[in-house]
Each structure stands twice: as C-alpha cells, then as structure tokens.
Amino acid sequence: MEKQVILVTGASSGFGALTARALADAGHTVYASMRETAGRNAAQASAAADYAQAHGVDLRTVELDVTSEPSVEAAIARIVAADGRLDVLVHNAGHMSFGPAEAFTPEQYAQLFDVNVLSTQRVNRAALPVLRKQGRGLVVWVSSSSTRGGTPPFLAPYFAAKAAMDSLAVSYASELTRWGIETSIIVPGAFTKGTNHFAHSGKPADEAVAETYMKGPYAGVAEAALNGLAALEPADADAGEVARAIARVVDAPFGRRPFRVHIDPSQDGAEIVNGVADRVRAEMFRRIGLEDLLTVK
C-alpha cells in the first residue's frame, strides 16, 4: 500500500471523524478538517490529537471552513507546504435539515446548498490544480441514498442538496480522468445512529407555516417518518462501515477503484436506480465516442 496524503472535510464528527481515523489507521497521513479548531471544535481537535498519539497514527487537524474560500485556500496551502503533495480529497462536509419544504426560506435553501454543494467547488478549485500537476489523485464524494432511493417527507432541502452534489460528482468524474484523477462516490443509507445528522438537523425558519403542516393534515407525519427510518435500519447497522468502505477505496489499486459504492443497511432502492443511471451514462459516452473518459489514464 502506498501512503497517501488525504484531506477529509467536515471531520469534527460523524462520517468525517470516523473516516479520518479509519484512513489514519490504514497508514495514511490524514488531515481532519473542521472550522473553529480553537473554538467550538477545540474538543474535537483535541480528541483527534489524542487518538493519533494513542494509536501511533498520522492524524492531524487543519482549520478549514468549507463556506469560506480564503479558509479553504489557506488549508490546502498549509497541507502542500507541510507534505509537498495532496493525493486524496474526501468531500464529506454537509448539513441536514428536517421539516416541511414550504416552511424553509429561500435563504435557508441557499445556505444548505452552500454547505453541501458549493463547498465542494471551493475545495476542488483550491486542490485540483495540485492533483492535476501531480498527474494522479482521487476525489471521494460522500453522497446519500436519498438522491435516488426512497425519499421520506420533510427532508426536501437536504435531499435536493445531496442530489445536486451527486450530479456534480458525476460530471466532474469524466473531466478528471485524462488528468489521472479518479472519482469514487460513496452512497450511505439513512444511518440514524452513529452520526449527528438527525440530532443536529436544521429546522424551518417559518415556524407558522411549519405549524400549519404539523398541526393540520400532516400531524404525526414527522414522527412516522423518523420512526420508520429507524425501524428500517438493522440493529447491527454500523456507521463505521462507511468509513471502512472509504478506506478500502483509497487502498484499492490505481485505475481499479469503484465508481460508486453503496453502504445502505436499510436497502432503500438507491443501489438499483444508481446502477441503471450509471450504465446509461457509460453507454452515452460510448455512443458519442468519449468512452476513454470513463477510466483514468
């Protein structure tokens, strides 16, 4: 296995923290990025340092606010200055919201898209020039089964943002292969345990509209949706499997990494629909004479 220099965004908790540790355990140099490492996330940064010392691994934290272009650029520059290269990006940063779609303001939608979608563009624009110059790299996108699987009500802003990010990942994939940069899209299902996604989800700003739904014909739907998702999840579902799947992708041989990997204990159907969509994409590239863009050089 070749040691890689890896950046994981949104690594203060959840999938990000688990992934950073799994990759460090695998022998890589890992930068667990998070904002406010000396403030609100000081405890998380300290926990990462403690983990690195206790396990003898190369796990570092780096200040990075994915909503700030200067912060992103500074973080990438710091990594390259320290290690001379950057091999893998893991786009994990994201935020969830829960409530009736109508009750969220346009500004809330914009903010959610900023964190879940535009953040990846900021990181790409800062990091891809490094990977392109190297002539080799890997971009991992943490998507969601909600982009094409079952979509329970009251999660519209998050579902829309993750679908946009997944679409961006697919488009980027074919534009990076000739630079020697691989793409792998990780598709977790609805893990209701082991992450803070649901616990820290945002709420609609328009409380009056939300109440109209919650106390009207949609009374009880929120509870039914959350309880239903939890019931679908097997008792032994482990959010850590997402991190281990990412580690396996990183450690796979160059040129043989999977384009998409599903980790969905609840089996909401996304793997079936994505399988069809990805085959249609590949067939289209063959029909227009650009089949070579499907694989790295």
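Attention here is on the structure that accompanies the text. No experiment lies behind these values; they were computed from the predicted model shown. (Residues numbered from 1 in each chain as written. Predicted model: local features only at pLDDT ≥ 70, side-chain atom pairs only at ≥ 80, totals over all residues. Heavy atoms only, no water.)

## Examining the overall build of the protein chain
A count of helical and extended segments in the protein chain gives 9 helices and 7 strands. In terms of overall dimensions, the protein chain is globule-like: its C-alpha atoms have a radius of gyration of 19 Å, near the 19 Å expected for 297 residues. Dimensions along the principal axes, computed over C-alpha positions, put the protein chain at roughly 60 × 55 × 40 Å. The buried share among the 297 residues of the protein chain stands at 48%. The contacts in the protein chain between residues at least 6 apart in sequence include a share of 77% that link residues at least 24 apart. (Helix = DSSP H or I, 4+ residues; strand = E, 2+ residues; numbered from the N terminus. Rg over C-alpha atoms; globule rule 2.2 N^0.38 Å. Buried < 20%, exposed > 50% of the residue type's maximum accessible area, 1.4 Å probe, protein only. Contact = heavy atoms within 4.5 Å.)

## Examining the side chain of His-91
As for its placement among the helices and strands, His-91 is situated in strand β4 (residues 88-91). For His-91, the side chain forms a polar contact with the side chain of Asn-124, separated by 2.9 Å. When near neighbours in sequence (up to four residues on either side) are disregarded, His-91 contacts Thr-9, Thr-120, Val-123, Asn-124, Val-139, Val-140, Trp-141 and Val-142. (Polar contact = N/O pair within 3.5 Å; in protein donor to acceptor, adjacent residues only side chain to side chain.)

## Some remarks on the side chain of His-28
Within the element layout of this structure, His-28 appears in the loop between α1 (14-25) and β2 (29-34). For His-28, a relative accessible area of 1% translates into the label buried. A polar contact is formed between the side chain of His-28 and the backbone nitrogen of Gln-4, at a distance of 3.0 Å. A polar atom in the side chain of His-28 sits 2.7 Å from the side chain of Asp-251.

## Digging into the sheet that holds β4
The 7 strands lie next to each other as β3-β2-β1-β4-β5-β6-β7, forming an open sheet whose pairing is parallel. This sheet does not close on itself; its edge strands, each paired only once, are β3 (59-63) and β7 (260-263). When strand polarity is set aside, the average angle formed by the axes of neighbouring strands in this sheet is 20°. Pairing between β2 and β3: 5 bridges, direction parallel. Its bridge partner being in β3, Tyr-31 is matched across the sheet by Arg-60. (Pairing = 2+ DSSP bridges. Axes fitted to C-alpha atoms, helices over the stretch in contact; angles between N-to-C directions.)

## Re the pattern of salt bridges
Applying the stated criterion across every chain, the model contains 16 salt bridges. Between Asp-292 and Arg-178 there is a salt bridge, with its nearest N and O atoms 3.0 Å apart. Pair noted here: Asp-292 is in the segment after α9 (270-287) and Arg-178 is in the loop between α5 (156-176) and β6 (181-188), with a separation of 114 residues, a long-range link. In this structure Arg-178 comes out as exposed when scored by relative accessible area, which is 55%. Arg-244 is paired through a salt bridge with Asp-238; the nearest N and O atoms lie 2.6 Å apart. Note on Arg-244: relative accessible area 36%, which makes it partly exposed. Residue Asp-238 is classed as partly exposed on the basis of its relative accessible area of 36%. (Salt bridge = Lys/Arg side-chain N within 4 Å of Asp/Glu carboxyl O.)

## Re the environment of Val-5
Turning to its location among the elements, Val-5 is positioned in strand β1 (residues 5-8). Under the relative-accessibility criterion, Val-5 is labelled buried at 2%.

## Things to note about the packing of helix α3 (residues 69-83) against helix α4 (residues 106-134)
It is at 8 Å that the axes of α3 and α4 come closest, and there the two elements cross at 25°. Here α3 is positioned roughly parallel relative to α4, judged by the angle of their axes. Two packed elements cross with a definite hand, and for α3 against α4 that hand is right-handed. Between α3, through Glu-69, Val-72, Glu-73, Ile-76 and Val-80, and α4, the contact on the second element is made entirely by Arg-122, Val-123, Ala-126, Ala-127 and Val-130. Of the residues in the contact of α3 with α4, the class split is 7 nonpolar, no polar and 3 charged. (Parallel < 35°, antiparallel > 145°, perpendicular 65-115°, else oblique. Left-handed = near helix turned anticlockwise from the far one by under 90°. Nonpolar A, V, L, I, M, F, W, Y, C, P; charged D, E, K, R; others polar.)

## Description of the environment of Ala-205
Tracing the backbone shows Ala-205 in the loop between β6 and α6 (207-214). For Ala-205 and His-55, which are 150 residues apart along the polypeptide, the C-alpha to C-alpha distance reads 43 Å. In contact with Ala-205, not counting residues within four places along its chain, are Ala-103, Thr-105 and Gln-108.

## Some words on α4
In this model, α4 (29 residues) spans 40 Å end to end at C-alpha, consistent with the 42 Å of a helix rising 1.5 Å per residue. The principal kink in α4, of about 45°, is found at Asp-114. Just past α4, the residue Gly-135 takes up positive phi, approximately 80°. (Expected span 1.5 Å × (residues − 1). Bend = angle between axes of the 7 residues up to and from the residue.)

So, to be careful, I would describe these as geometric facts and stop short of saying anything about function.
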